[in-house]
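For reference, the chains in residue letters:
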Amino acid sequence: MPWQREGGEVILFFLSETAPTSAYSSPARSLGDTGITPLSPSHIVNDTDSNVSEQQAFLVVVAIDFGTTSSGYAYSFTKEPECIHVMRRWEGGDPGVSNQKTPTTILLTPERKFHSFGYAARDFYHDLDPNEAKQWLYLEKFKMKLHTTGDLTMDTDLTAANGKKVKALEIFAYALQYFKEQALKELSDQAGSEFENSDVRWVITVPAIWKQPAKQFMRQAAYQAGLVSPENSEQLIIALEPEAASIYCRKLRLHQMIELSSKAAVNGYSGSDTVGAGFTQAKEHIRRNRQSRTFLVENVIGEIWSELEEGDKYVVVDSGGGTVDLTVHQIRLPEGHLKELYKATGGPYGSLGVDYEFEKLLYKIFGEDFIEQFKIKRPAAWVDLMIAFESRKRAAAPDRTNPLNITLPFSFIDYYKKFRGHSVEHALRKSNVDFVKWSSQGMLRMSPDAMNALFKPTIDSIIEHLRDLFQKPEVSTVKFLFLVGGFAEAPLLQQAVQAAFGDQCRIIIPQDVGLTILKGAVLFGLDPAVIKVRRSPLTYGVGVLNRYVEGKHPPEKLLVKDGTRWCTDVFDKFISADQSVALGELVKRSYTPAKPSQLVIVINIYSSEHDNVSFITDPGVKKCGTLRLDLTGTSGTAVPARREIQTLMQFGDTEIKATAIDIATSKSVKVGIDFLNY
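Keep in mind that what you see is a predicted model, and the values were worked out from it rather than measured.

Participant: Give me the lowdown on the overall build of the protein chain, citing residues and values where you can.
Facilitator: The helix and strand tally for the protein chain stands at 17 helices and 34 strands. Taking all 678 residues of the protein chain together, the buried fraction comes to 56%. When contacts within the protein chain are restricted to residue pairs at least 6 apart in sequence, long-range pairs at least 24 apart make up 72% of them. Of the accessible surface of the protein chain, which amounts to about 28800 Å², a share of 50% is contributed by carbon and sulfur atoms.

If you want it as structure tokens, here you go:
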């Protein structure tokens, strides 16, 4: 007979692994499983100390900022946490583009073996004979695929520039392996002896708005790259980009930032002057310091931060190449720990949007059929054209008056004539795009207004998203807005943010804004406990059977077992979407088999983006984990009549771990919540 407890009787049927898992089947209905009934109500234990004992002593923290458009790494020795070293200067580089990071580009040989990464990959590909280039696999900006793929799995494909498909996991693993080798080589050169990978704590940054499968995918790629092994999973931390930025911003001293003020003119500068002028000075400062790759992070709270009081709120706007992430944090004193106040929002509004607008402009002038054909037939020349556009894009500014020239590769001009039978100049005249002219030096001459128009859709999306965020009650009375990420260098974005929100809060830009996340990720690796409270992105629970209540439960969920009427497929909630979760927080529950002879206990874990989930068959509910506790061979042990099976779920980190323990024998099984294999 099942056990009784206050508040009604609940029996859990843990479903066998052969059970159908389609969203609309009732797995428990057809099974002869014995039930498991709760021994105690669920409760939460703030077991934050258990993390500390597990922490291994690492000699160095290496953070990898794996960006959509550019990537890099930085490191700090745990004995000198105030020194953050940004990686060695990269070979290659573009005029007018700082190269403390390298482009996120990868080149595979025709045999699909790794060849090169970054500038080296781009330059080698560019120098290949056009016919030979078609055989090589060149990939760029591929990180966005993880954000845009709804059903991401270990088998998701990427498409190279020549149209050939390759496994995404392979490409991400190659890239991480490249960074691992570069970093270990640099560390070994510094130490004067071989540096062991086991001495390194690795940190990889991901956008906060990524869904759980994408975050897990990054961890799987790191396992495949040999950064860490699944057995030593805590050697790798997956850090959220805006959180890393937030950690770095707390350390900022006044000389390390630019404040965009919309107050009255200061020292003869109006607000709009400040954007350009302040940033120009900052760029000069960075250029002078470019040779030095070591940044000192003083072990103090920065002046801006010291103005924040208990409960003060601030927004981090992390605008990168692919996505824009908005996170709201609240300060908690005395230690100044961070609490995530509102779950991360944002979208695909990175600087890539400007590239897409340029592509659309080229469609308008030369025809979509030609541009798409040109990309396939002359892939290296297309890359060239986009590099030329990138450096001009960086020259766009609100007050610019002189035109911007974009060089067209010779093969573009030549191929267009063959394709259409008339010249590029003729196409421009005929297109009625009057703000783009042809210059006799073989360039497209764009008016500043034309360039600004390419930025407008992306910047409008960012401002609109921020406006929505500022409407939320949790986000009222924000003191500061920190603008970080590579796209934050764009004066057009700075001006738009300042114009829209300058009167509501103070807008701060760290000086070397493109490296903010990288440096913050190193600080996070040195002290992961600095983030204390996050918001759960999903609702988690298990499938249970409740006593069937006529009129309350749907008839199709009725299951009669041993003369008792049960409601099947009930979603028993562990934690809700957007609920505050402290780091290391445990949800702990105890169950007992209704039939003591049951020796295999299978617990299936489900998740949903919705909060109000009733059944595991509701739309959007996905199975994301299985705990299989095998108790065969324990029959000799003295087992109490009510055998206790304890189930723990640990939240708060970017990964979620679940454990089931048989209290009588101490047999236990652990599982990481898995979004890629179900």
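Don't stop here, the text continues.
Participant: Pulling in residues and values, what's your account of the packing of aromatic side chains?
Facilitator: Within this structure, the stated rule accounts for 28 aromatic pairs. Judged by centre distance (6.2 Å) and plane angle (20°), the rings of Phe 455 and Phe 487 are stacked. Within this pair, whereas Phe 455 is found in helix α15 (residues 448–471), its partner Phe 487 is found in the loop between β22 (478–484) and α16 (491–501), the two being separated by 32 residues in sequence. Phe 487 shares its class with Phe 455; the two are buried. Connected via pairs of aromatic rings, a cluster forms that spans Phe 366, Phe 370, Phe 374, Phe 412, Tyr 415, Tyr 416 and Phe 419. Here the guanidinium or amino end of Lys 557 rests over the ring plane of Phe 615, the centre of that ring lying 5.3 Å away.

Participant: Can you tell me about the sheet that holds strand β8 (residues 114–117), naming the residues and giving the values?
Facilitator: On the basis of which strands lie adjacent, the open sheet formed by three strands has the order β8-β7-β9 and antiparallel pairing. The open sheet has two free edges, formed respectively by β8 and β9 (137–140), since each of these has just one partner strand. On average, each strand axis in the sheet is inclined to that of its neighbour by 20°, with strand direction left out of account. For strand β7 (residues 105–108) and β8, the ladder comprises three bridges, and the chain directions are antiparallel. Following the sheet pairing, Leu 107 is matched in β8 by Ser 116.

Participant: Before we move on, can you summarise the environment of Leu 515 with the specific residues and values?
Facilitator: Along the chain, the position of Leu 515 falls in the loop between β23 (506–510) and α17 (516–526). Residues Leu 515 and Gly 485 lie 30 residues apart in sequence; the distance between their C-alpha atoms is 7.5 Å.

Participant: Provide a residue-level description of the nonpolar core, including the pertinent values.
Facilitator: Core analysis: the biggest nonpolar cluster contains 147 residues, and Phe 172, Val 315, Phe 366 and Leu 481 have the highest contact counts within it. The residue makeup of this core includes at least three contributed by each of domain 1 (60–241) and domain 2 (352–453). Grouped together as the second largest cluster of nonpolar side chains are 30 residues, Ile 605, Cys 624, Leu 627 and Ile 673 included.

Participant: Can you lay out the packing of helix α10 (residues 352–366) against α15 for me, pointing to particular residues and giving the numbers?
Facilitator: For the pair α10 and α15, interaxial distance at closest approach is 8 Å and the crossing angle is 135°. The angle between α10 and α15 falls in the class oblique. Between α10 and α15 lies a crossing whose hand is right-handed. Contacts between α10 and α15 involve Gly 353, Val 354, Glu 357, Phe 358 and Leu 361 from the former and Leu 454, Phe 455, Pro 457 and Thr 458 from the latter. The class makeup of the residues in the contact of α10 with α15 is six nonpolar, two polar and one charged.

Participant: Just give me the short version of helix α6 (residues 212–225), but keep the residues and values in it.
Facilitator: With 14 residues, α6 should reach 20 Å at 1.5 Å per residue; the first-to-last C-alpha distance of 20 Å fits that figure. Those residues of α6 that fall on the buried side of the exposure criterion are Gln 212, Ala 214, Lys 215, Gln 216, Phe 217, Met 218, Arg 219, Ala 221, Ala 222, Tyr 223 and Ala 225. Residues of α6 that are buried in the fold lie against α4 (144–148), α5 (168–191), β12 (200–206), β13 (236–240) and β25 (539–547). Once α6 ends, the next one or two residues include Gly 226, with phi positive near 80°.

Participant: Outline the confidence of the model for the protein chain, supporting the account with residue identities and numerical values.
Facilitator: Summing up the model confidence of the protein chain, the mean pLDDT is 79 and the portion of residues at 70 or higher is 79%. In the predicted structure, residues 1–34 sits below a pLDDT of 50 and forms 91 contacts with residues beyond four places in sequence or in another chain. A low-confidence stretch, residues 262–292 stays under pLDDT 50, and its non-local contacts, those more than four residues away or across chains, total 37 contacts.

Participant: Explain the pairing of β12 to me, and be specific about the residues and the numbers.
Facilitator: Among the seven residues that make up β12, seven are buried, leaving the element largely enclosed by the rest of the structure. Both faces of β12 are covered, namely the face carrying Val 200, Trp 202, Ile 204 and Val 206 and the face carrying Arg 201, Val 203 and Thr 205. Inspection of the sheet shows strand β3 (residues 60–65) paired to β12 by five bridges, in the parallel sense. In the strand pairing of β12, Ala 63 is matched with Val 203. By the bridge criterion, five bridges tie β12 to β13 in an arrangement that is parallel. When the sheet's bridge partners are listed, Thr 205 is paired in β13 with Ala 239. The parallel pair β12 and β13 is bridged by α6, and the resulting crossover is right-handed.

Participant: Would you mind going over the pattern of salt bridges in detail, with residue names and values included?
Facilitator: Pairing of side chains with opposite charge becomes possible as their charged atoms draw close. Scanning the model with the defined rule gives 21 salt bridges in all. Lys 479 is the partner of Asp 312 in a salt bridge, and the nearest nitrogen-oxygen pair spans 3.1 Å. Linking Asp 312 in the loop between α9 (303–306) and β16 (313–319) with Lys 479 in strand β22, this pair joins segments that are 167 residues apart in sequence. Given a relative accessible area of 14%, Asp 312 falls into the buried group. Put simply, Lys 573 and Asp 611 hold a salt bridge, and the shortest N to O gap is 3.3 Å. Here Lys 573, found in strand β27 (residues 564–575), pairs with Asp 611, found in the loop between β30 (600–608) and β31 (622–630); they are 38 residues apart in sequence, far enough to count as distant. For Lys 573, a relative accessible area of 30% gives the class partly exposed. The exposure class of Asp 611 is partly exposed, given its relative accessible area of 39%. Look at the salt bridges and you will find they share partners, linking Lys 141, Asp 355, Glu 390, Lys 393, Arg 394 and Glu 489 into a network.

Participant: An account of the pairing of β22 is needed here, citing residue identities and associated values.
Facilitator: With respect to burial, β22 is a largely interior element, six of its seven residues being buried. Pairing analysis gives three bridges linking β22 to β23, with the strands arranged parallel. Bridged to Leu 481 within β23 is Ile 507. Read as a crossover between parallel neighbours, the route from β22 over α16 to β23 is right-handed.

About the cut-offs
Residues numbered from 1 in each chain as written. Predicted model: local features only at pLDDT ≥ 70, side-chain atom pairs only at ≥ 80, totals over all residues. Heavy atoms only, no water. Helix = DSSP H or I, 4+ residues; strand = E, 2+ residues; numbered from the N terminus. Buried < 20%, exposed > 50% of the residue type's maximum accessible area, 1.4 Å probe, protein only. Contact = heavy atoms within 4.5 Å. Areas by Shrake-Rupley, 256 points an atom, 1.4 Å probe, with all protein chains shown as cover. Phe/Tyr/Trp six-rings, centres within 6.5 Å; stacked < 30°, edge-to-face > 60°. Lys NZ or Arg CZ within 6 Å of the ring centre and 35° of its normal. Pairing = 2+ DSSP bridges. Axes fitted to C-alpha atoms, helices over the stretch in contact; angles between N-to-C directions. Core = buried A, V, L, I, M, F, W, Y, C linked by side-chain atoms within 4.5 Å. Domains from an automatic or database assignment. Parallel < 35°, antiparallel > 145°, perpendicular 65-115°, else oblique. Left-handed = near helix turned anticlockwise from the far one by under 90°. Nonpolar A, V, L, I, M, F, W, Y, C, P; charged D, E, K, R; others polar. Expected span 1.5 Å × (residues − 1). pLDDT = per-residue confidence, 0-100. Right-handed = clockwise from strand over helix to strand, strands pointing away. Salt bridge = Lys/Arg side-chain N within 4 Å of Asp/Glu carboxyl O.

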